[in-house]
Each structure stands twice: as C-alpha cells, then as structure tokens.
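Working through the structure, step by step
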Amino acid sequence: MAHIKDPNRRLYAGMLSALDESVGNITRALQERGMLNNTIIVFSTDNGGPANGFDMNDANNWPLRGLKATLWEGGVRGTGFIWSPLLEKSGYTSQHLLHVTDWLPTLLHAAGFNMSQLPKDLDGSDQWTAISRNVDSERTEILLNIDQREKSFAIRSGDMKLVFAKGGYTRQFLDWYPPDQVVNIFSRPESNFSAEACLGCDRAIKFWKNQDELKIFEGRMAKTYRMDNSSSQHSSPELYRTNVYQSVYKMEQQGRRHRSQNPLVVRCGPPPPEALTNCKPWLKPCLYNITADPCEFYNLADDQEAVVETLRERVKLYEKGSLPPHNSTIDDAGLPYRHNGVWVPWRNISDEATAGNKLPLLF
C-alpha cells in the first residue's frame, strides 16, 4: 500500500485489509458447511470514524461533518451492508432510518422468532420487511443523544435534525475533515474561518473549489469503485477462483444480485461561505434538513422556528424518561498499566449509590 503516502492512513488501510480477509474467512467457512444460503451477514460500524487525529486515529467521514463522539452526521451516521439470499430485494442503497436498537427485533424476525413474545416497550423497531423488500420503514425518529454533562442533545425526525451543544466534542469538532488523499484537490480560503467558529480545529477545511472539481472527484470515485461481473475482468482473479466467490457469483448470474454496481457518493455541492459560521450550537440549537443537506451546511433554525420548538419538545419528552448516566471520571487505578497491561474489573460498584451521577436536566 505504498501509494498511500500518509503513514497513519496506510496503517489504517492495512488494518481494514486484514479485517476484510477475516470476513472472507468466515464467509468461506459458512459456504463450506452448506450454511451460506441460510445466512444473513450484517457488517456495520457503531459510529462515525475518529478522524483528524482524534484519539490518535486517522479515519475518514468526509464529506460529512464532524467525527466520532460528536452529534454531527460524521459522528452518528453509520455505514454498512447486509448480504443474504434471504433478502427479497437486494443490490440497492438503503435510505431507511435505522437505529442500533433495531437490530434485535429485525434479526429475530428474519430468524423466524415469534415476535409476539418480545416486550412491548422495546426501543428498537422491526425493520426486516423494510430492508428485505425496500419499502417504507416504520421508524421516523431517532433520539441521537441527551448529555446533561456536556449540555448537549440532538434528534432526527423525518428529514429534520436539531443539534445543540454547550460543550463537549460536538462543539469542539464542528468542522469537515477530508483524508489527505484529497487535500490537494479541495481547498477553501482561510478567510472563511474564525477562531470562535473553529474551536479545536488543527487542519484547514478542504472542499472542491467549484462544480468542475467536484465532477472530477466524482469521476475518480466512479472509476475506482466500478465493478464488472466478468471473471476475466475481475480485479482479484485469485478471489474469483475460490468456492465462496463462485457461489456468490452463481447467485448473481441467476438473477439474485447482491451488490450494487454504483458507489455510494454523498453529494453536497460547494459549501456556502457561511457554512462554518451560520451555526453556533453552544448559543442556540441548529436545524438541518438532512435529506437535502447531509453535510449540514445550511442552518434553518431562524427560518423554521416552529420546527425547532417541536423538536425541542420531543427531546424534553425523552429526557423525562431518561436515566442518569453511569459514566464516571477516569480512575487511574483501573488503567491497564496497573494490571499487567490488560483491562480488568478493579472495583465493586454494586453497593455504590448512583445519586452522584444525577445531573440537572436540560429542560
């Protein structure tokens, strides 16, 4: 992977390559045991990547805003895929609103579980029919988080998303962080920045200069990710010769297409000059139409005050039923260097009162 110049990105790519190989090993084992035709493979992230050197990492969520541990789309929007012969429809990019709690009822449904036996007050929604047939989902709203410590919250309802953060990473990392491979392609004048608006930023924001550069980039993306069903043209002949690949390829030739022929590209267009300054979430909530504006360029709060108030009331309702966070400050006694380099239980909290974790409500 010498073509990746940045050593951190190169190391990251190597880790992903090893992960990809391990997924292939599992898939091959399922195929060899005759289980692949009755298998659902779900591959998903748990959150956005730690970009911009966050936590000594070099992931990439660009062109989405923010990074791991923030409430921006780069922190809360997950990527992944589902592969299974059990899907009634496949080879499409899902636009369904799905929360991590949905996986339990969704996969139980797919496995034939008697859904009437599930508790009625589950947070998760059964999404199997929506995913399998690519029909409308029952979920229309997600509470992204409420944090009384940072005094922050975010909620997504339909197309609209409301974000507020007096402190914490959402306020600190509110930028867009491209990977180094595209830094030389996308740029924006430093005059668009202010110290107040870019708290914690240590890289200049990089965007395409105009629509022509955007088209050039998208052309490169399409060329990089374009797939060909022909075995002679496949980029990895060794993979094609394996039994597992031939099995999957045979399914596709029989009309069961299990992969998309087009890359998923988030298109946001050139950012407006005020993209980094029109939202100050520590002063008042910011409102975005995420469907039309996935990169969170356009704060609509001043023009849509009724929507802002409606979403605030939804957050207020959620907070009334919330439990206090159990997170504690870092305890040096629990760090691995005190326990032969491993993470182990180091204290008994069963008898400790949780009253100390209670914080004033936001509403």
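Scope of this entry: the structure provided in the associated data block. Numbers given for residues are sequential positions, taken from 1 along each chain in its written order. Reporting of local features is limited, given that this is a predicted model, to residues whose pLDDT is at least 70; pairs of side-chain atoms are given and counted only at 80 or more, and all residues count toward the totals for whole chains, interfaces and linings. Side-chain measures here rest on the full set of heavy atoms in the structure, leaving out hydrogens and waters.

1. Considering the overall build of the protein
Elements are defined by DSSP. Helices are runs of H or I of four residues or more, strands are runs of E of two residues or more, and each kind is numbered from the N terminus. Scanning the protein for helices and strands turns up 9 helices and 6 strands. Burial status follows relative accessibility: with a 1.4 Å probe on protein chains alone, a residue under 20% of its type maximum counts as buried, one over 50% as exposed, and anything between as partly exposed. For the protein, the residues scored as buried account for 35% of the 363 residues in total. Sequence-distant contacts in the protein: of pairs separated by 6 or more residues, those separated by 24 or more amount to 64%. The accessible surface values rely on the Shrake-Rupley method and a 1.4 Å probe; as for residues, cover is taken only from the protein chains in view. Total accessible area computed for the protein in this model is approximately 21700 Å², and 51% of it derives from carbon and sulfur atoms. We call two residues in contact when some of their heavy atoms are within 4.5 Å.

2. With respect to the nonpolar core
Of all hydrophobic cores here, the largest spans 18 residues; its most connected members are W72, W176, Y288, C295 and F297. Non-local contacts of Y288, meaning those with residues more than four positions away in its chain, are made with R65, W72, D159, M160, K161, N278, C279, D293, E296, F297, Y298 and N299. The set of buried Ala, Val, Leu, Ile, Met, Phe, Trp, Tyr and Cys residues whose side-chain atoms join them within 4.5 Å is what this entry labels a nonpolar core. Counting residues in each nonpolar core, the second largest holds 11 residues, with M160, L287, V308 and V315 among its members.

3. Details of the sheet that holds strand β4 (residues 152-157)
Spatially, β3-β4-β5-β6 is the arrangement adopted by the 4 strands of the open sheet, whose pairing is antiparallel. Single-partner strands in this sheet number two, and they are β3 (141-147) and β6 (286-289). Strand after strand, the sheet turns through a mean of 10° between neighbouring axes, direction not considered. Pairing of β3 with β4, which is carried by 6 bridges, proceeds in the antiparallel orientation. Strand pairing follows a simple DSSP-based rule, namely that at least 2 bridges must link the two strands. Every axis in this analysis is a line fitted to C-alpha atoms, fitted for helices over the stretch in contact. Angles between the N-to-C directions lie between 0 and 180 degrees.

4. Structural notes on unusual backbone geometry
Across residues other than glycine, the phi torsion is negative in most instances, and most of the peptide bonds are trans. The step from W62 to P63 runs through a cis peptide bond, and the omega angle for that step is 10°. Within the secondary structure, P63 sits in the loop between β1 (41-44) and α2 (73-76). Here E296, not a glycine, exhibits a phi torsion of approximately 55°, which is positive. With respect to the element layout, E296 can be found in the loop between β6 and α9 (305-320). Since its relative accessible area comes to 0%, E296 is described here as buried.

5. Observations concerning the packing of aromatic side chains
Only rings of Phe, Tyr and Trp enter the pairing, Trp through its six-membered ring, and a pair is recorded when the two centres are within 6.5 Å. The plane angle decides the type: under 30 degrees is stacked, over 60 is edge-to-face, the rest tilted. By the definition in use, this model includes 8 aromatic pairs. With centroids separated by 6.3 Å and ring planes inclined at 75°, the aromatic side chains of W72 and Y288 adopt a geometry described as edge-to-face. Residue W72 is located in the loop between β1 and α2, and its partner Y288 is located in strand β6; the two are separated by 216 residues in the primary sequence. In this pair, the class of W72 matches that of Y288, namely buried. Consider the rings of F297 and Y298, whose centres lie 6.2 Å apart with planes at 75°: the pair is edge-to-face. Given a relative accessible area of 37%, Y298 falls into the partly exposed group. Criterion for a charge above a ring: Lys NZ or Arg CZ within 6 Å of the ring centre, and within 35 degrees of the ring normal. The ring of W72 has R65 lying over it, and the distance from NZ or CZ to the ring centre is 4.2 Å.

6. Considering the side chain of N61
Structurally, the position occupied by N61 is in the loop between β1 and α2. Definition of a polar contact: a pair of N or O atoms within 3.5 Å, with one able to donate and the other able to accept a hydrogen when the atoms are protein atoms, and with sequence-neighbouring residues admitted only if both atoms are side-chain atoms. For N61, the side chain forms a polar contact with the main-chain oxygen of G66, separated by 3.5 Å. Look past the residues within four positions of N61 in its chain and what remains in contact with it is G48, G49, A51, G66, L67, K68 and G74.

7. Details of the state of the cysteines
We call a pair of cysteine sulfur atoms a disulfide when they lie within 2.5 Å. One pass over the full model with this rule turns up 2 disulfides. Sulfur-sulfur distance for the disulfide between C268 and C295 comes to 1.9 Å. Disulfide C268-C295: torsion about the S-S bond near 70°, hence right-handed. Taken as a pair, C268 in the loop between α8 (243-253) and β6 and C295 in the loop between β6 and α9 lie far apart in primary sequence, 27 residues in all. C279 shares a disulfide with C286; S-S distance 2.0 Å.

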